[in-house]
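# Observations on the three-dimensional arrangement
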Amino acid sequence: MHPAILSPSLLAGDHAQLAASLKVVEDLGLGWIHLDIMDGHFVPNLSFGPQTVAALRPRSKLFFDTHLMLDEPHRYIEAFAHAGSNLISIHIEPAYDHVATLAKIHALGCQCGIVLNPGTPAEAIEPLLTKVDLVLVMTVQPGFGGQAFRGEMMPKLRQISEWRHQRGLKFRLEVDGGIDLTTAAECRAAGADTFVAGTSFYRAPDRAAFAAGIATLS
Ligand code: DX5
Ligand code: ZN
């Protein structure tokens, strides 16, 4: 199993000072930052785009874990790759050529991920498991930070973790939405290794303790 890592979600950072919110993460010695990109169609909210990602790139060495919540992600892959994303994750739900889009992400030198909404069964992504570096299981309906964790996603997480083990695959298994130290432990037990946390990280009274709590999940 991969070691547990934290990917704080910049969505919960200070949008007037995003670079400072990145620095908070880097100063703790963490490696990843989660960048939530929303189009107002696939999800009922807007966040920021490739220009913001490109502006942040020279300010940070963090691994840019980019979560595209877009109806037409295939139209924006080059933009996010050129902006400096290290990993680009796309949702399975909209209709477009998922295989070609994952291949395009790789061809541009990035890692690729596939994402499932709470209502989407594990089987929907099964044919793609050999093609991805990461599977992201949403533990809330995407669109907003600060929502309640959906524990009923644990069987889906266990199923994907089991497939990974049975098939000798190495993709990371990420969870996103309502993650705190308690829900992260529940997800870890179900096979997750990569933990997105927005509200619980940025609002933590002691962020170093929160990060240490994730790192020591076994
Ligand atoms: C939800 C986003 C999440 C969000 C998580 O649409 O994909 O990454 O920032 O926020 P919290 O950790 O507050 O649930
Ligand atoms: Zn996200």
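Residues numbered from 1 in each chain as written. Chains lettered and ligands numbered in written order. Predicted model: local features only at pLDDT ≥ 70, side-chain atom pairs only at ≥ 80, totals over all residues. Heavy atoms only, no water.

### Observations concerning the overall build of the protein chain
Across its full length, the protein chain holds eight helices and eight strands. Taken over C-alpha atoms, the radius of gyration comes to 16 Å for the protein chain, in line with the 17 Å a tight globule of 218 residues would show. Its C-alpha atoms put the protein chain at 40 × 35 × 30 Å along the principal axes. For the protein chain, with 218 residues in total, the buried portion stands at 54%. Within the protein chain, counting contacts between residues at least 6 apart in sequence, those at least 24 apart form 65% of the total. As displayed, the protein chain offers around 9,200 Å² of accessible surface, 53% of which is attributable to carbon and sulfur atoms. Of note, the protein chain has its 17 positive side-chain charges centred 5 Å away from the centre of its 22 negative side-chain charges. (Helix = DSSP H or I, 4+ residues; strand = E, 2+ residues; numbered from the N terminus. Rg over C-alpha atoms; globule rule 2.2 N^0.38 Å. Buried < 20%, exposed > 50% of the residue type's maximum accessible area, 1.4 Å probe, protein only. Contact = heavy atoms within 4.5 Å. Areas by Shrake-Rupley, 256 points an atom, 1.4 Å probe, with all protein chains shown as cover. Lys, Arg positive; Asp, Glu negative; His and termini not counted. Charge placed at Lys NZ, Arg CZ, Asp CG, Glu CD.)

### Examining the packing of aromatic side chains
For the coordinates displayed, the defined rule picks out three aromatic pairs. Note on tryptophan 32 and phenylalanine 63: the rings are 4.4 Å apart at their centroids and 25° apart in plane angle, and the pair reads as stacked. One end of the pair, tryptophan 32, is in strand β2 (residues 32–38); the other, phenylalanine 63, is in strand β3 (residues 63–69), and 31 residues separate them in sequence. Like phenylalanine 63, tryptophan 32 is buried. An aromatic cluster of three or more residues is present, and its members are Phe201, Tyr202 and Phe210. Across the ring face of phenylalanine 64, the terminal group of arginine 57 is positioned such that the distance to the ring centre comes to 3.7 Å. (Phe/Tyr/Trp six-rings, centres within 6.5 Å; stacked < 30°, edge-to-face > 60°. Lys NZ or Arg CZ within 6 Å of the ring centre and 35° of its normal.)

### Topic: the coordination of the zinc ion (ligand 2)
Ligation of the zinc ion (ligand 2) by protein atoms is provided by His34 (NE2), Asp36 (OD), His67 (ND1) and Asp176 (OD), these donors lying 2.0 to 2.3 Å from the ion. Viewed at the metal, the six donor atoms of the zinc ion (ligand 2) are separated by angles of 69 to 167°, and the geometry they form is octahedral. The sequence pattern formed by the donor residues of the zinc ion (ligand 2) is H-x1-D-x30-H-x108-D. Here aspartate 36, found in strand β2, pairs with aspartate 176, found in strand β7 (residues 172–176); they are 140 residues apart in sequence, far enough to count as distant. Owing to a relative accessible area of 9%, aspartate 176 belongs among the buried residues under this scheme. (Donors = N, O, S within 2.8 Å, 3.2 Å for Na, K, Ca; no water. Tetrahedral: all angles 85-135°; square planar, octahedral: opposite > 155°, others 65-115°.)

### Let's talk about the site of ligand 1
What surrounds ligand 1 is a group of 20 residues, the closest being Asp36, Gly143, Asp176, Gly198 and Thr199. Between ligand 1 and glycine 178, the relevant distance is 2.8 Å, taken from an oxygen atom to a main-chain nitrogen or oxygen of the residue. Burial of ligand 1 by the protein amounts to 98% of the accessible area it has alone, namely 390 Å². With respect to the pocket detection grid, ligand 1 is positioned in the largest pocket. Counting residues per element, the ones that place at least two in the shell around ligand 1 are β2, β3 and β8 (194–197). (Near = heavy atom within 4 Å. Polar contact = N/O pair within 3.5 Å; in protein donor to acceptor, adjacent residues only side chain to side chain. 1 Å grid on protein atoms, 1.4 Å probe; cavity = no way out; pocket = protein on both sides within 12 Å on 5 of 7 lines; lining within 4 Å. Sits in = over half its atoms within 2 Å of the grid points.)

### Focus: the pattern of salt bridges
Scanning the model with the defined rule gives seven salt bridges in all. Taking the shortest distance from any N to any O, the salt bridge between lysine 104 and glutamate 78 comes out at 3.5 Å. On the criterion of sequence distance, the pair formed by lysine 104 in helix α4 (residues 98–107) and glutamate 78 in helix α3 (residues 77–83) is long-range, its members being 26 residues apart. Look at the salt bridges and you will find they share partners, linking Arg164, Arg172 and Asp193 into a network. (Salt bridge = Lys/Arg side-chain N within 4 Å of Asp/Glu carboxyl O.)

### Overview of the sheet that holds strand β5 (residues 111–116)
Across the sheet, eight strands lie side by side as β1-β8-β7-β6-β5-β4-β3-β2; this open sheet has parallel pairing. In this open sheet, the two edge strands, each paired with only one partner strand, are β1 (5–8) and β2. The mean angle between the axes of side-by-side strands here comes to 25°, regardless of whether they run parallel or antiparallel. Direction of pairing for β5 relative to strand β6 (residues 134–138): parallel, over a ladder of four bridges. (Pairing = 2+ DSSP bridges. Axes fitted to C-alpha atoms, helices over the stretch in contact; angles between N-to-C directions.)

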